[in-house]
Amino acid sequence: LRCTSKQMTLMLDHVDSPYIRLIGILYLRYACDPSNLWEWFEPYLYDEEPVKVHSNPSAAETTVGEFVRTVLTGGDYHGTMLPR
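For clarity, every value in this text was computed on a predicted model and none was experimentally measured.

Colleague: What is the right way to look at the overall build of the chain in this model?
Modeller: Broken down by element type, the chain carries 4 helices and 4 strands. The linear arrangement of helices and strands in the chain, starting from the amino end, is α-α-α-β-β-α-β-β. Here the C-alpha radius of gyration of the chain, 13 Å, is about what a compact globule of 84 residues would show, namely 12 Å. Of all intrachain contacts in the chain linking residues separated by at least 6 positions in sequence, the fraction that spans at least 24 positions is 49%. If you sum the accessible surface of the chain, you get close to 5,600 Å²; carbon and sulfur atoms cover 56% of it. Looking at the chain, you have 7 positive and 11 negative side-chain charges, and the mean spots of the two groups are 6 Å apart.

Listed below in structure tokens is the structure:
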């Protein structure tokens with residue numbers, strides 16, 4: 001299952017929910033050619049939309065931009081190794 005560029009753009013710019021946007025970020029991190037990641041991620045590096053990415057209700061909120069920077073620079077996501 002591959003998303004087209006248009007589908008990815010619609011997902012990453014979705015206005016109804018930041019979680020749809022985060023799913024798009026994770027999809028790209030796992031499936032996109034690493035040489036193209038920066039092109040996709042750069043517009044979202046400093047996105048200040050707040051999100052809660054942990055199931056723990058007392059966990060602190062983060063922003064979409066912080067999430068993007070974390071999955072771009074980190075080696076794993078909740079115990080799952082990310083491609084290098």
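Now that the structure has been shown, we can carry on.
Colleague: When you look at the nonpolar core in this model, what are you seeing that I'm missing?
Modeller: A general tendency of soluble globular proteins is for nonpolar side chains to be buried together. Within the largest apolar cluster, 17 residues are counted, with the highest numbers of intra-cluster contacts made by Leu12, Ile25, Leu28, Trp40, Phe41 and Val68. Only helix 1 (5-12), helix 2 (18-31), helix 3 (37-41) and helix 4 (64-73) provide two or more residues apiece to this core.

Colleague: Explain the packing of aromatic side chains here, please?
Modeller: One pair of aromatic rings is described through two measures. These are the centre distance and the angle between the planes. The final tally for this structure, using the stated rule, is 1 aromatic pair. A centroid spacing of 5.8 Å and a plane angle of 85° characterise the contact between Phe67 and Tyr77, whose relative ring orientation is edge-to-face. Highlighted residues: Phe67 in helix 4 and Tyr77 in strand 3 (residues 76-77), separated in sequence by 10 residues.

Colleague: Before we go on, may I ask you to explain unusual backbone geometry in this structure?
Modeller: Working note: non-glycine residues mostly have negative phi, and peptide bonds are mostly trans. Backbone geometry at His78 places phi at a positive 50°, although glycine is not the residue there. Structurally, His78 is set in the loop between strand 3 and strand 4 (80-81).

Quick notes on the rules
Residues numbered from 1 in each chain as written. Predicted model: local features only at pLDDT ≥ 70, side-chain atom pairs only at ≥ 80, totals over all residues. Heavy atoms only, no water. Helix = DSSP H or I, 4+ residues; strand = E, 2+ residues; numbered from the N terminus. Rg over C-alpha atoms; globule rule 2.2 N^0.38 Å. Contact = heavy atoms within 4.5 Å. Areas by Shrake-Rupley, 256 points an atom, 1.4 Å probe, with all protein chains shown as cover. Lys, Arg positive; Asp, Glu negative; His and termini not counted. Charge placed at Lys NZ, Arg CZ, Asp CG, Glu CD. Core = buried A, V, L, I, M, F, W, Y, C linked by side-chain atoms within 4.5 Å. Buried < 20%, exposed > 50% of the residue type's maximum accessible area, 1.4 Å probe, protein only. Phe/Tyr/Trp six-rings, centres within 6.5 Å; stacked < 30°, edge-to-face > 60°.

Function-wise, these values are silent; they only describe arrangement.
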